[in-house]
Amino acid sequence: MKTMKKILLSLACLLATAGGAWGQTTNGRIYVSLEGNAEATDAGTSWQNTTTLADALGRATAGTEVWVKGYASTSPDSVYVVPTQAGFTLPSGVSLYGGFAGYETSADLRAVVDGKAYRFAYRTVLTGDIGRNDTPDNDGLIFPGGENGRTDNATHVLTLNLDPQLGANINGTRTVVDGFTIGRGNATGTDAAGQGGGILVTGDNAQGVGYSIERCFFIENYAATRGGALYVDGSVTGADNYVALCGFFNNAAGQRATATNAGGAIALAGAGMVVD
């Protein structure tokens, strides 16, 4: 019996040590900043011990909140650049919050300016401009071609994958994006690769619940077919899906000088309600 207790105690200690090395979270929350270190043993556990956005999204499961620090400046070194042309992916049931100064204990404490819900004092910017070389010109604007050099940009800056995680999100947990500036996605392909340059919402959420995109600002996103800033795929169902209190500027979809309205800002093929 004593031998068994020692084995169990040793196993418990081993698990606790391993858990620390993998960066356990506090209260189901992961903290992110541009200064974050994904290799630290306590990565993501507090504002003082942040991790990277890629690491947080890779670890998050249904019910997790990811809090992402914003910055007063939007200079090139103060934005979150997508790691690949596939962009960032938000798993089903995860809540992604931006607009933090880096000390808040509640999302309600995030400061805004001009009284506009999506204008945060500390802006969390996600950009698809991997090469940081976008130069929109007077003729090409954000459309392909010209001098704007967008060929290396992400197809989608952020993808919401509503497919329930196996064993993790057959529940009542929403998928949330709240408090981000999302820019310079470039969906120039066909089918899904030509939709939702800023955000693509896709996946079968029949076994989960809805999504919400709130207090976000979309700028300079392009899609070849539909939904320059935001596209909701036809696979998305249900009544509890909405886009609320968001701003859109200089987004485009489709081809220039055509009569077809491809939804430069938003195109909804699946379920969704837009609330101003």
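Bear in mind the structure is a predicted one, so any value in this text is a computation, not a measurement.

**Q** So what's going on with the environment of R174? Which residues, and what values?
**A** Tracing the sequence through the fold places R174 in the loop between β7 (158-161) and β8 (175-178). Put simply, R174 and D240 are 66 residues apart on the chain and 9.2 Å apart in space, counted from C-alpha to C-alpha. In this structure, R174 is in contact with G93, V94, S95, V209, G210, Y211, S212, D240 and Y242, ignoring residues within four places of it in sequence. Within the structure, R174 has its side chain in polar contact with the backbone oxygen of Y211 (distance 2.7 Å).

**Q** Describe in detail the environment of S106, supporting the description with residues and values.
**A** Note that S106 resides in the loop between β5 (95-100) and β6 (124-127). Residues S106 and W67 lie 39 residues apart in sequence; the distance between their C-alpha atoms is 10.0 Å. Among residues more than four places away in sequence, those in contact with S106 are W67 and F100. Side-chain polar atoms of S106 contact the backbone nitrogen of D108, separated by 3.2 Å.

**Q** Would you mind going over the sheet that holds strand β15 (residues 230-232) in detail, with residue names and values included?
**A** Hydrogen bonds along the backbone pair up the strands of a sheet, which may run parallel or antiparallel. Within the open sheet, the five strands sit side by side as β4-β7-β11-β15-β19. Their pairing is parallel. The open sheet is flanked by β4 (88-91) and β19 (266-268), the only strands paired with a single partner. Between one strand and the next, the sheet's axes are offset by a mean angle of 10°, whatever the strand orientation. Taken together, the three bridges between strand β11 (residues 199-202) and β15 define a ladder with parallel strand orientation. Bridged to L200 within β15 is Y231.

**Q** Tell me what's going on with the packing of aromatic side chains, and back it up with residues and numbers.
**A** This structure, assessed with the given rule, holds eight aromatic pairs. Geometrically, the ring pair formed by W47 and F100 is tilted, given 5.5 Å between the ring centres and 55° between the ring planes. With W47 in the loop between β1 (29-32) and α2 (53-59) and F100 in strand β5, this pair connects stretches of sequence that are 53 residues apart. Of the two residues, W47 and F100, neither departs from the other in class, the shared state being buried. Their ring planes at 5° and their centres at 4.9 Å tell us that F218 and F248 sit as a pair that is stacked. Linking F218 in strand β13 (residues 217-219) with F248 in strand β17 (residues 247-249), this pair joins segments that are 30 residues apart in sequence.

**Q** Requested: an account of the layout of surface pockets, with residues and values cited.
**A** By volume, the largest pocket amounts to about 570 Å³. Contributing to the lining of the largest pocket are 22 residues, with T74, V79, V125, T181 and I219 lying nearest its centre. At the level of elements, β6, β9 (180-183) and β13 are the ones that each hand at least two residues to the lining of the largest pocket. Along the lines of polarity and charge, the residues of the lining of the largest pocket split into nine nonpolar, six polar and seven charged.

**Q** Explain the pattern of salt bridges to me, and be specific about the residues and the numbers.
**A** Within the structure shown, the criterion is met by eight salt bridges. The partner of K69 in a salt bridge is E35, and the shortest N-O contact between them spans 4.0 Å. Of this pair, K69 sits in strand β2 (residues 65-69) while E35 sits in the loop between β1 and α2, and the two are 34 residues apart along the sequence. By relative accessible area, K69 is classed as partly exposed at 22%. In this structure, D129 engages R184 in a salt bridge whose closest nitrogen and oxygen atoms are separated by 3.6 Å.

**Q** Help me get a handle on the nonpolar core, residues and values and all.
**A** With 36 residues, the main nonpolar core has L53, L160, V201 and I213 as its most contacted residues. Per-element accounting of this core gives the leading share, three residues, to α2. Non-local contacts of L160, meaning those with residues more than four positions away in its chain, are made with L90, T175, V177, I199, L200, V201, T202, Y211 and I213. Core analysis: the second largest hydrophobic core is formed by seven residues, Y31, Y97, F100 and A107 among them.

**Q** Can you tell me about the side chain of T45, naming the residues and giving the values?
**A** Within the fold, T45 resides in the loop between β1 and α2. Look at T45 and you get buried, because its relative accessible area is 19%. Reaching out from T45, the side chain makes a polar contact with the backbone oxygen of D42 at a distance of 2.7 Å.

**Q** Break down the side chain of Q195 for me, citing the residues and quoting the values.
**A** Within the secondary structure, Q195 is located in the loop between β10 (186-187) and β11. Residue Q195 is classed as buried on the basis of its relative accessible area of 11%. Apart from residues no more than four positions distant in its own chain, Q195 is found in contact with H156, A187, L200, A223, T225, R226, G227, Y231 and D233.

Conventions and cut-offs
- Residues numbered from 1 in each chain as written.
- Predicted model: local features only at pLDDT ≥ 70, side-chain atom pairs only at ≥ 80, totals over all residues.
- Heavy atoms only, no water.
- Helix = DSSP H or I, 4+ residues; strand = E, 2+ residues; numbered from the N terminus.
- Contact = heavy atoms within 4.5 Å.
- Polar contact = N/O pair within 3.5 Å; in protein donor to acceptor, adjacent residues only side chain to side chain.
- Pairing = 2+ DSSP bridges.
- Axes fitted to C-alpha atoms, helices over the stretch in contact; angles between N-to-C directions.
- Phe/Tyr/Trp six-rings, centres within 6.5 Å; stacked < 30°, edge-to-face > 60°.
- Buried < 20%, exposed > 50% of the residue type's maximum accessible area, 1.4 Å probe, protein only.
- 1 Å grid on protein atoms, 1.4 Å probe; cavity = no way out; pocket = protein on both sides within 12 Å on 5 of 7 lines; lining within 4 Å.
- Points joined across faces, edges and corners; volume = space filled by probe spheres on them.
- Nonpolar A, V, L, I, M, F, W, Y, C, P; charged D, E, K, R; others polar.
- Salt bridge = Lys/Arg side-chain N within 4 Å of Asp/Glu carboxyl O.
- Core = buried A, V, L, I, M, F, W, Y, C linked by side-chain atoms within 4.5 Å.

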